[in-house]
Amino acid sequence: MRIGTIASHSALNIISGAKTEGFETVLLSTPNRTEFYRSMDSNGEIIEVDSFADILSIQLDDVVWIPHGSFVAYIGAQRILESTLPLFGNKELLKWEEDRQLKAKLLHESGLETPLEFDDVNDIDRPVIVKTYGAAGGEGYFIAKDKDEVLKNIPSDKQYSIQEYVVGTKVFVTYFNSLAKDRLEVFGADIRYETDADANLRFDDRPSFVVIGNLPMVLRESTLHRYYEIGKNFIEGFRRLTGQELPGPFCIETIIDRDQRICAFEFSGRIVAGTNIWIPSSPYSFLQFGEEMWMGKRIAREIGELMQEDRLDEAIL
Amino acid sequence: MRIGTIASHSALNIISGAKTEGFETVLLSTPNRTEFYRSMDSNGEIIEVDSFADILSIQLDDVVWIPHGSFVAYIGAQRILESTLPLFGNKELLKWEEDRQLKAKLLHESGLETPLEFDDVNDIDRPVIVKTYGAAGGEGYFIAKDKDEVLKNIPSDKQYSIQEYVVGTKVFVTYFNSLAKDRLEVFGADIRYETDADANLRFDDRPSFVVIGNLPMVLRESTLHRYYEIGKNFIEGFRRLTGQELPGPFCIETIIDRDQRICAFEFSGRIVAGTNIWIPSSPYSFLQFGEEMWMGKRIAREIGELMQEDRLDEAIL
Amino acid sequence: MRIGTIASHSALNIISGAKTEGFETVLLSTPNRTEFYRSMDSNGEIIEVDSFADILSIQLDDVVWIPHGSFVAYIGAQRILESTLPLFGNKELLKWEEDRQLKAKLLHESGLETPLEFDDVNDIDRPVIVKTYGAAGGEGYFIAKDKDEVLKNIPSDKQYSIQEYVVGTKVFVTYFNSLAKDRLEVFGADIRYETDADANLRFDDRPSFVVIGNLPMVLRESTLHRYYEIGKNFIEGFRRLTGQELPGPFCIETIIDRDQRICAFEFSGRIVAGTNIWIPSSPYSFLQFGEEMWMGKRIAREIGELMQEDRLDEAIL
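Residues numbered from 1 in each chain as written. Chains lettered and ligands numbered in written order. Predicted model: local features only at pLDDT ≥ 70, side-chain atom pairs only at ≥ 80, totals over all residues. Heavy atoms only, no water.

**Quick word on the interface of chain A and chain C**
Definition in use: Two residues form a contact once any of their heavy atoms are found within 4.5 Å. Note: buried area is the sum, over both parts, of the accessible area (probe 1.4 Å) each one loses when the two are combined. Just to be clear on terms, a salt bridge is a Lys or Arg side-chain nitrogen sitting within 4 Å of an Asp or Glu carboxyl oxygen. We call two N or O atoms a polar contact when they sit within 3.5 Å, provided that within protein one can donate a hydrogen and the other can accept it, with sequence-adjacent residues counted only if both atoms are side-chain atoms. Think of it this way: any DSSP run of H or I at least four residues long counts as a helix, any run of E at least two long counts as a strand, and we number them from the N terminus. Note that Gly is not counted as nonpolar here; it falls among the polar residues with everything else outside the nonpolar set of Ala, Val, Leu, Ile, Met, Phe, Trp, Tyr, Cys and Pro and the charged set of Asp, Glu, Lys and Arg. By this definition, two strands are paired if DSSP reports at least two bridges between them.
Listed by partner, the interface residues are 39 residues for chain A and 41 residues for chain C. Summed over both partners, the interface of chain A with chain C buries about 3500 Å², with 62% contributed by carbon and sulfur atoms. Of all residues in chain A, the largest losses of buried area upon contact with chain C belong to Asn200, Leu201 and Phe203 of chain A, amounting jointly to 21% of the total for that side. At the surface where chain A touches chain C, the tally comes to 2 salt bridges. For Glu35 of chain A, the salt bridge goes to Lys232 of chain C, with nearest N and O atoms at 2.4 Å. At the junction of chain A with chain C, the criterion picks out 17 residue pairs in polar contact (both at pLDDT 80 or more). Among the elements of the structure, α1 (11–20), α2 (31–40), β10 (183–196) and β11 (209–219) of chain A are those that each provide at least two residues to the side of chain A that touches chain C. Among the residues making up the side of chain A that touches chain C, the classes are represented as 19 nonpolar, 12 polar and 8 charged. Bridge count between β11 of chain A and strand β11 (residues 209–219) of chain C: 2 bridges; the pairing is antiparallel. In the strand pairing of β11 of chain C, Gly213 of chain A is matched with Leu219 of chain C.

What follows is the structure, given as C-alpha cells:
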C-alpha cells in the first residue's frame with residue numbers, strides 16, 4: 001500500500017511523514033509545481049496531471065489518498081462525496097462543513113459556543129460581521145462596530161446574514177483521533193497569519209482575512225485541558241448525529257474572548273495547513289510520543305498500525 | 001528520589017523531562033483533569049486529590065516537588081512559605097513577587113528599569129495604566145492615553161495607583177541558574193498571547209490582558225547579550241538583598257520600547273508557562289547543550305547532578 | 001580550514017553549525033561580550049579585539065569568515081568590498097543592497113514588485129511613507145494615510161522621497177543557494193518582531209520599526225511555491241546583471257497585501273538573524289534533509305562539500 005496526495009496545502013508534510021514510516025509515496029502535481037516539489041522530495045513518485053481533479057479518473061489500486069484543504073478547493077466537495085476514491089478519514093464530515101445549518105447543529109451538539117446570529121438589525125448590541133449571501137474568500141462582507149454602522153453600510157438589494165464579531169484571539173487546535181490506539185490526541189495549536197488583519201498598521205477597521213501562513217503557539221495548560229474536552233465532545237457529537245466515527249486528524253477553529261469564552265466558528269475533518277508549522281514536532285506530539293511526530297508521520301503511523309490489525313477500512317469512510 | 005508536581009500550568013513539561021532523565025514521577029491531579037493527563041502521560045503515577053492544596057498534607061518522603069505558577073494560585077503564597085514541602089528553588093523570592101514595594105526594590109537593585117509611578121495626576125505626561133487597589137486579573141484597571149482621559153475615568157471613591165503604560169513589545173525571558181554547572185543559562189524568550197490585547201481588531205483602546213497561551217521568539221543577538229547581563233544582575237541583586245542563592249529557573253518579564261529601553265514589570269522565581277513553547281528545545285538551549293533540552297528536562301538534569309554531588313539541599317530553599 | 005565570524009547577529013548559529021559539521025571555529029569578540037559568548041560556546045577559540053573592524057587587520061590564513069548583518073554595521077560596506085578577507089558568499093551583492101537605484105533594478109530584473117514611488121505629492125492616492133534624505137534607523141520618516149496628511153507634515157526645508165506604504169503582513173523568506181548540490185533551497189520564513197510596530201496598543205499611527213527579534217512562521221504551501229520561483233528569479237536576475245553567482249544564504253523581505261500581491265522592499269545576500277528562530281530546524285530544512293539543519297550547519301556543510309570537490313573558491317567572491 002502506498003500513500004498519496006495532491007501537490008498543495010500540506011503535501012510536503014504528508015509525503016515526508018509517509019516515507020519516514022516506510023511507505024512509498026505518490027504525489028499528483030501540475031506541471032508548474034513539479035520543479036518545486038521535486039526540489040523538496042527528490043525520490044518519491046510524482047505523477048503530472050493537467051488538473052488536480054484528474055485524481056478522480058486515475059486508477060491506482062495500491063494508494064490510500066490523504067485529503068487536505070486543497071482537495072475541496074480543486075475537486076469540489078460534491079465530487080469528493082460521490083467518488084469511490086479511498087480517502088483516509090470520514091468524507092461525511094464534508095457535508096457538515098459545507099452546510100451552514102448542519103455545521104451549527106454539529107457544533108451545538110458538541111457543546112460548543114458559536115457566534116450569535118442576529119435576525120433583526122435592531123437587536124444588534126455588539127460588533128458584527130455582515131455577510132451577503134454567496135460571499136466568498138473575504139469579498140462581500142464587512143465588519144461593523146455597532147448597529148449604526150450596520151445601517152449605514154447595509155446593502156438594500158441583497159440578502160445578508162449578521163453574525164456577532166467576537167473580539168478575541170484566534171486559536172486553531174488540531175487533533176488526531178486514533179482508532180489503532182483508541183485515544184484522542186491533542187496534536188498542536190496554531191494561529192492563522194492573515195493579511196491584512198495581522199498587519200501592524202492599517203488605516204481602518206475593515207481588515208481582510210486572507211490566510212498566508214501559520215504561526216505556532218502553545219495553550220495555557222488549563223485551557224489545553226478544556227480543548228481536550230472539546231475534542232472529545234466533538235467526536236461524540238458527530239457519533240450521536242451520524243452513528244459514524246471520525247478517524248484521523250481534525251481541527252476546531254476558535255476565538256477566545258476576554259471572558260475566556262471559547263467560541264467555535266469552523267471545523268475541518270482532515271489535516272489542516274496549520275500543522276505544517278509543527279514539523280518535525282509540536283510540544284504536544286513530542287510529549288505524547290517522546291519522538292519527533294509531525295502530522296504526516298502521525299497519519300502514516302496510524303495507517304501502518306491499522307493495516308497490521310487488518311482494520312484500515314475502518315478509517316476510510 | 002522522585003519528581004512531582006500538580007496537574008496544571010507546566011506539569012506535562014516537568015513530568016516528561018523528569019522521565020527522560022530517568023526519574024519516576026508523581027502527578028497530583030483533580031478528578032476532572034485525570035483523563036486528560038493520563039492521555040498525555042500513560043505510565044507515571046497519578047494521585048487524585050480533591051484539591052491541589054492537599055499537597056500540603058500528603059506525606060511523600062521520596063519526592064522533590066517542582067513548583068509552577070499554579071502553586072500560588074491554588075495553594076497560596078503564604079501557605080507555601082510556611083510549609084515544609086521540599087520545593088525545588090527558592091521560596092523566599094515569592095515574598096518579593098507578592099509585595100509591590102519589595103518587587104520594585106529587587107528590580108532596582110538589579111539595575112532594571114521599571115515603569116514610572118505617578119503620585120500626582122497633574123504630572124501625567126504619557127499613556128498610563130490606572131489600577132484601583134485590590135484589582136486582580138485585569139478587572140479594576142484602565143489604560144488612558146493622557147491626563148485628560150485619566151481625569152474623565154478616575155473613580156472618586158477608590159484608592160488607585162497610576163503607572164506609566166509602556167508602549168512597546170512584550171518579551172519574556174527565561175533563565176536557568178545552575179548550581180551544578182555554576183553558570184547562568186539564558187533558556188529562551190517568548191511572548192504571552194493575550195486576549196483581547198492580541199486580537200487583530202478591537203473597537204477601543206481598552207484591551208484586557210488575559211493570558212491564553214505563549215508564542216515563541218528569538219531575540220536580536222545584541223539584545224540577547226543584554227538580557228544575559230540582566231539575568232546576572234538579578235541573581236546578584238537578590239544575593240545582596242537576602243544573602244541567598246536563586247537556584248533553578250526564573251523569568252523576567254519586560255517590554256522594549258522604541259528607544260530600545262528594556263523595562264521590567266514582573267518576575268517569577270520558578271518555571272513559567274512560556275517554556276512550554278520550547279518543547280523539545282529552544283534555539284538557546286539547543287545551542288548550549290547540543291541536544292534536545294526543554295525546561296522540565298533541564299530541571300531534572302540539575303536535580304540529578306546535584307544529587308550525585310550530594311548537594312540537592314542547596315537547591316531546596 | 002576553520003570557520004569564523006564576529007560575536008553578534010547570528011554568531012551562535014554559525015559557530016555551533018560549524019562545530020557540528022566538524023570544523024574548528026574562531027569567534028572575534030569585544031571584551032564586554034566575551035563572558036556571554038563563552039557561556040554559550042565553552043570550547044571554541046575566542047579572540048578578543050577592541051573593535052570588530054580589527055578583523056580587517058587580523059591575519060589568519062586558515063579561516064573562512066561567514067559575514068552577517070553586523071559586518072556592514074561594524075565594518076562598513078565600502079571597507080568590506082575593498083578588503084581581501086575570504087568571505088563566504090558574494091560581496092558584490094552588497095553594492096546592490098546599499099544603492100537605492102541598483103536595488104530597485106535588481107528587484108525588477110527578478111520580476112519582483114516593489115512599493116510605488118511618488119514623485120509628485122498630488123499623485124498620492126494611498127498610504128505612504130515619507131523619508132527625508134539621510135534618514136536612518138527609523139528616524140526622519142513618517143507614515144501618512146493620505147495626501148492631506150502628507151501636506152500637513154512635509155518638511156519644507158528638506159529633500160524627501162515618498163513611497164507607497166503597503167498595508168499587509170510581513171514575510172521574510174530565507175534561501176540557500178547550493179553550488180555543491182546545484183539547487184536552490186527555501187530554508188525558512190520568519191517575521192520581524194518590531195517595536196513599537198508590534199505593540200498591542202499604541203496611541204497613534206506612527207509606529208517605529210526597531211527590530212528586537214524574530215518570530216517563526218510557515219507559508220501557505222501554494223505561496224511557498226511562489227517564493228521558490230521568486231528565489232530562482234532573483235538568482236537569475238543577479239546573474240544576468242552581473243554575470244556572477246550568488247552562493248549561500250540570502251533573504252528576500254516582503255509584504256503580502258490583501259490581494260496576495262507579494263511586494264519586495266529589501267534583500268540581504270548573507271545569513272539573516274531570522275534564521276536564528278530555526279535552530280535546530282525549520283520545517284522546510286527538516287523536510288529537505290530529514291535531519292536537524294539550521295543555517296549555520298547548512299553553511300558549514302556546503303563549505304565541507306565544496307572543499308571535498310576543491311571548489312571552495314567558487315563560493316568566496
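**Side note on the side chain of Arg2 of chain A**
Residue and element names in this part refer to chain A. Rules: Each residue's exposure class comes from its accessible area (1.4 Å probe, protein chains only) as a fraction of the maximum for that residue type: buried when under 20%, exposed when over 50%, partly exposed otherwise.
Here Arg2 is to be found in strand β1 (residues 2–6). Judged by relative accessible area, which is 14%, Arg2 ranks as buried. Those residues within four positions of Arg2 in sequence are excluded, and the remaining contacts are Glu24, Thr25, Val26, Glu45, Leu60, Asp62, Val63 and Val64.

**Examining the domain arrangement of chain A**
Residues and elements named next belong to chain A. Operational definition: Bear in mind that the domain bounds are from an automatic or database domain assignment.
Taken domain by domain, chain A comprises domain 1 (2–87), domain 2 (96–113 + 167–289) and domain 3 (117–164). For domain 1 and domain 2, the distance between their C-alpha centroids amounts to 24 Å. Across the boundary between the two partners, domain 1 contributes 9 residues, which contact 8 residues of domain 2. Here domain 1 meets domain 2 over a buried area of about 630 Å², counting both sides, of which 60% is carbon and sulfur. Connecting domain 1 to domain 2 are 0 salt bridges. Counting across the interface, domain 1 meets domain 2 through 3 residue pairs in polar contact (both at pLDDT 80 or more). Of all the secondary-structure elements, those providing two or more residues to the side of domain 1 that touches domain 2 are α1 and α3 (69–75). In terms of residue class, the side of domain 1 that touches domain 2 is built from 4 nonpolar, 5 polar and no charged.

**Details of the pairing of strand β2 (residues 25–29) of chain A**
All names here are of chain A. For clarity, the threshold we go by: For a crossover, the right-handed case is the one in which the path from the first strand over the helix to the second runs clockwise, viewed with the strands pointing away from the viewer.
When you tally the buried positions in β2, you get 5 out of 5 residues, the bulk of the element. Burial along β2 is two-sided: Thr25, Leu27 and Ser29 facing one way and Val26 and Leu28 facing the other are all buried. Once the chain exits β1 it traverses α1 before rejoining the sheet at β2, and the crossover so formed is right-handed. Examined bridge by bridge, β2 and strand β3 (residues 45–48) share 4 bridges and lie parallel to one another. The partner of Leu27 across the bridge, within β3, is Ile46. The handedness of the β2 to β3 crossover, carried by α2, is right-handed.

**Some points on the relation of the copies chain A and chain B**
What counts is decided by this rule: Least-squares fitting of one copy onto the other uses the C-alpha atoms of those residues that reach a pLDDT of at least 70 in both copies.
Least-squares fitting of chain A to chain B yields an RMSD of 0.0 Å, with the transformation described by 0.0 Å of translation along the axis and a rotation of 120 degrees. Such a turn and shift between the copies fits a three-fold axis. In terms of proximity to the rotation axis, the leading residue of chain A is Pro216 of chain A, whose C-alpha is 4.2 Å off the axis.

**Structural notes on the side chain of Ser16 of chain C**
The topology assignment puts Ser16 of chain C in helix α1 (residues 11–20). Side-chain polar atoms of Ser16 of chain C contact the backbone oxygen of Leu12 of chain C, separated by 2.9 Å. Not counting the four nearest positions on each side in its chain, Ser16 of chain C is found in contact with Leu287 of chain B together with Trp294 of chain C.

**A word on the sheet that holds strand β8 (residues 160–164) of chain B**
Residue and element names in this part refer to chain B. Overall, antiparallel pairing links the 4 strands, which are arranged β5-β8-β6-β7 in an open sheet. The two strands at the open ends of the sheet, each matched to only one other strand, are β5 (117–118) and β7 (141–144). When strand β6 (residues 128–132) meets β7, the two strands line up antiparallel, connected through 4 bridges. The residue of β7 that forms the bridge with Lys131 is Tyr141.

**Topic: the state of the cysteines**
As used in these notes, a disulfide is a covalent bond between sulfur atoms, one from each of two cysteines. Residue and element names in this part refer to chain B. Condition: Note on terminology: disulfide denotes any pair of cysteine sulfur atoms within 2.5 Å.
The final tally for this structure, using the stated rule, is 0 disulfides over all chains. We note that Cys251 lacks a disulfide partner, and the nearest cysteine sulfur, in Cys263, lies 15 Å from it. When its relative accessible area of 2% is taken as the criterion, Cys251 is described as buried.

**Points about the environment of Pro115 of chain B**
Residue and element names in this part refer to chain B. Mapped onto the elements, Pro115 comes out in the loop between α6 (100–109) and β5. Each C-alpha atom of the pair Pro115 and Glu82 lies 32 Å from the other, and the pair is 33 residues apart in sequence. Filtering out sequence-adjacent residues up to four positions away, Pro115 remains in contact with Gln163, Glu164, Val166, Cys263, Ala264 and Phe265.

**Points about the interface of chain A and chain B**
Residue-level contacts link 41 residues of chain A with 39 residues of chain B. Between chain A and chain B, the buried area comes to about 3500 Å², and carbon and sulfur atoms account for 62% of it. If you sort the residues of chain A by the area they bury against chain B, Glu221, Arg258 and Leu287 of chain A come out on top, with a joint share of 21%. The interface formed by chain A and chain B contains 2 salt bridges. Counting across the chain A and chain B interface gives 17 residue pairs in polar contact (both at pLDDT 80 or more).

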